[in-house]
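Working through the structure, step by step
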Amino acid sequence: MQLSTVRPVPVTFPDGPAPDVPVEAELRFDASLPYAACLAFPLTPCRCTGDAARVCWYFSRELLNEGRLGPVGSGDVRIRPGAAGEVLITLLGPVGRAVVSAPEDLVTAFLSDCFALVPAGAESHHLDVDTALDRLLAAERGTPGDPP
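Every value quoted in this text rests on a predicted model; they were computed, and no experiment measured them.

With that settled, the discussion passes to the pairing of strand 3 (residues 36-42). With six of seven residues buried, strand 3 is to be regarded as a mostly interior element. The turn joining strand 2 (residues 23-30) and strand 3, which pair antiparallel and follow one another in sequence, is formed by five residues. Pairing analysis gives seven bridges linking strand 3 to strand 4 (residues 54-60), with the strands arranged antiparallel. Counted as the bridge partner of Ala-36 is Ser-60 from strand 4.

In structure tokens, the structure reads:
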């Protein structure tokens with residue numbers, strides 16, 4: 001059974017110095033984090049980061065879904081429809097903000113994959129609360145990773 005999906009998505013930074021230059025990012029979803037979507041950007045490979053290093057922003061997949069239709073979000077991630085055929089994702093960080101433009105059809109295809117893996121309303125069935133609680137309790141006792 002498939003538990004995750006990854007969709008390559010060319011994004012642009014409309015407020016940046018090269019607004020028409022696409023960057024190949026990825027939209028990612030894993031059923032073990034059923035409420036979350038991830039927008040991952042590749043880093044330039046070097047000895048300290050390796051070839052697969054990425055910067056990942058996690059946010060609610062429902063936020064992404066609703067943001068295709070109208071403005072949503074009030075925290076570090078805000079999403080809204082852009083010009084015809086795009087979704088604008090604003091990422092707010094400690095040192096600035098970036099607006100990312102993604103093709104709406106690719107965002108919709110990604111969300112279709114997500115909701116096929118974990119239907120809306122069924123997220124809690126994919127959470128392993130006991131394992132997460134065991135890890136928290138073990139960490140509190142000073143034995144990370146060891147269940148009680």
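From this point on, the discussion continues.
For the rest of this paragraph, the subject is the pattern of salt bridges. Where side chains of opposite charge bring their charged atoms close, a pairing between them can arise. Tallied over the full model, the rule gives four salt bridges. We note a salt bridge from Asp-113 to Arg-7, for which the minimum N-O separation is 2.8 Å. With a gap of 106 residues between them, Asp-113 in helix 2 (residues 104-117) and Arg-7 in strand 1 (residues 4-11) connect regions that are remote in the sequence. Taking relative accessible area as the criterion, Asp-113 reaches 22% and is therefore assigned partly exposed. Residue Glu-26 is joined to Arg-28 by a salt bridge in which the shortest nitrogen-to-oxygen separation is 2.5 Å.

A separate point is the nonpolar core. Leu-39, Phe-59, Leu-64, Ile-79, Ile-89 and Phe-110 are the most contacted members of the largest nonpolar core, which has 26 residues in total. Elements with a minimum of two residues in this core: strand 1, strand 2, strand 3, helix 1 (61-67), strand 5 (77-81), strand 6 (86-93), strand 7 (96-103) and helix 2. It is helix 2 that contributes the most residues to this core, five residues altogether. Once residues lying within four places of it in the same chain are set aside, the contact partners of Phe-110 are Thr-5, Arg-7, Leu-27, Arg-28, Phe-29, Ala-37 and Leu-64.

This next bit is on helix 2. The end-to-end C-alpha separation of helix 2 is 20 Å, in line with the 20 Å expected for 14 residues at 1.5 Å each. Val-107, Phe-110, Leu-111, Cys-114 and Leu-117 are the residues of helix 2 that are buried. In a view along the axis of helix 2, the buried residues occupy a sector of 120°, so they form one face of it. Of the residues in helix 2, the exposed ones pointing more than 90 degrees away from the buried face are Asp-105 and Ala-116. In the core, the buried residues of helix 2 are packed alongside strand 1, strand 2, strand 3, helix 1, strand 6 and strand 7.

So, how was this worked out
Residues numbered from 1 in each chain as written. Predicted model: local features only at pLDDT ≥ 70, side-chain atom pairs only at ≥ 80, totals over all residues. Heavy atoms only, no water. Buried < 20%, exposed > 50% of the residue type's maximum accessible area, 1.4 Å probe, protein only. Helix = DSSP H or I, 4+ residues; strand = E, 2+ residues; numbered from the N terminus. Pairing = 2+ DSSP bridges. Salt bridge = Lys/Arg side-chain N within 4 Å of Asp/Glu carboxyl O. Core = buried A, V, L, I, M, F, W, Y, C linked by side-chain atoms within 4.5 Å. Contact = heavy atoms within 4.5 Å. Expected span 1.5 Å × (residues − 1). Arc of directions from axis to C-beta.

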